[in-house]
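Structure at a glance
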Amino acid sequence: MIEEIKSLAEGRIIVCHGDITTFKGDAIVNAANSTLLGGGGVDGAIHRAGGPEILAECKRIRSERLPGGLPPGEAVLTGAGKLPTQKVIHTVGPIWHGGKQGEKETLSNAYRNALRLAADSGVERVAFPAISTGVYGFPKKLAASIVYDTVTDFLRHEQLPHTVFLLFFGREDAELFLREI
Ligand code: AR6
């Protein structure tokens, strides 16, 4: 179940919490790693719930277009297998190394490039997890303002996606986000 907590940016951003694998809009974003071969956290949950089709497509993308893997900040699109959404946009956030290695820019690029791909694919409703704030260790408070600024800036110039769901796993993370923006 996904619970909406607050609507921002004239309804184009919805802050909510729940399990992203249950999202029924057009697309979800995966916080992947550069291998695109799956992992733990939200990546593991998406591959588990979506079934082997998503991994097969990731492997095809790697061998055809990305032999060195997906660089941090970039994004690619696959189908969604058995998930209740239509598409999965895989992006790779930065690993937090203290903040002096371009981590903020890379986080912003990950959101912007995922939004670009969503817009170019006709996606109207897309859900993002809190990229990099789990295993990759990006501070949640710092991520909040970067994410909010990046998404609002993108939406100001673009018609699509019409609605961006910022989907936190726990309610506390959604509330922390709202306090920090
Ligand atoms: N629905 C929504 N959010 C979730 C879910 C879920 N089902 N599961 C976890 N989260 P993480 P990262 C939240 O670690 O930091 C993987 O192994 C979680 O609470 O999944 O970008 C990849 O393969 C956290 O706030 O992603 C990479 O190796 C957020 O998702 C690495 O982890 C992101 O946590 C990427 O690390």
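Residues numbered from 1 in each chain as written. Predicted model: local features only at pLDDT ≥ 70, side-chain atom pairs only at ≥ 80, totals over all residues. Heavy atoms only, no water.

Some remarks on the overall build of the protein chain
What counts, and what does not: A run of H or I in DSSP counts as a helix once it spans at least four residues, and a run of E counts as a strand once it spans at least two, with each numbered from the N terminus. Atoms counted for the radius of gyration: C-alpha only. Globule rule: 2.2 Å times residue count to the power 0.38. Think of it in three bands: with a 1.4 Å probe and only protein chains considered, a residue is buried below 20% of the maximum accessible area for its type, exposed above 50%, and partly exposed in between. Two residues form a contact once any of their heavy atoms are found within 4.5 Å. Exposure was quantified through the Shrake-Rupley algorithm and a 1.4 Å probe, taking into account, for residues, occlusion by the shown protein chains and nothing else.
In terms of regular secondary structure, the protein chain is built from five helices and seven strands. The N-to-C order of helical and strand elements in the protein chain reads β-β-β-α-α-β-β-α-β-α-β-α. Computed over C-alpha atoms, the radius of gyration of the protein chain comes to 15 Å, within 12% of the 16 Å expected from 2.2 N^0.38 for 181 residues, which places it in the range of a compact globule. Principal-axis analysis of the C-alpha atoms gives the protein chain an extent of 40 × 35 × 30 Å. In the protein chain, which comprises 181 residues, the share counted as buried stands at 48%. Within the protein chain, contacts between residues at least 6 apart in sequence are counted, and of these 67% link residues at least 24 apart. Of the roughly 8600 Å² of accessible surface on the protein chain, a fraction of 50% belongs to carbon and sulfur atoms.

A word on the UniProt feature "domain: Macro" (unreviewed entry) in the protein chain
As a reminder, the rule being used: UniProt positions are given in the numbering used here, feature names are shortened, and annotations may be inferred rather than shown by experiment.
Under the UniProt annotation, "domain: Macro" (unreviewed entry) lies at residues 1–181. The span residues 1–181 carries 39% helix and 22% strand; its end-to-end C-alpha distance comes to 25 Å.

So, helix H4 (residues 140–157)
Operational definition: Multiplying 1.5 Å by the residue count of a helix minus one yields the expected span of that helix.
In this model, H4 (18 residues) spans 26 Å end to end at C-alpha, consistent with the 26 Å of a helix rising 1.5 Å per residue. Residues of H4 that are buried include every one of Ala 143, Ala 144, Ile 146, Val 147, Thr 150, Val 151, Thr 152, Phe 154 and Leu 155, and no others. Where H4 is buried, its residues touch strand E2 (13–18), helix H3 (103–120), strand E7 (163–168) and helix H5 (171–180).

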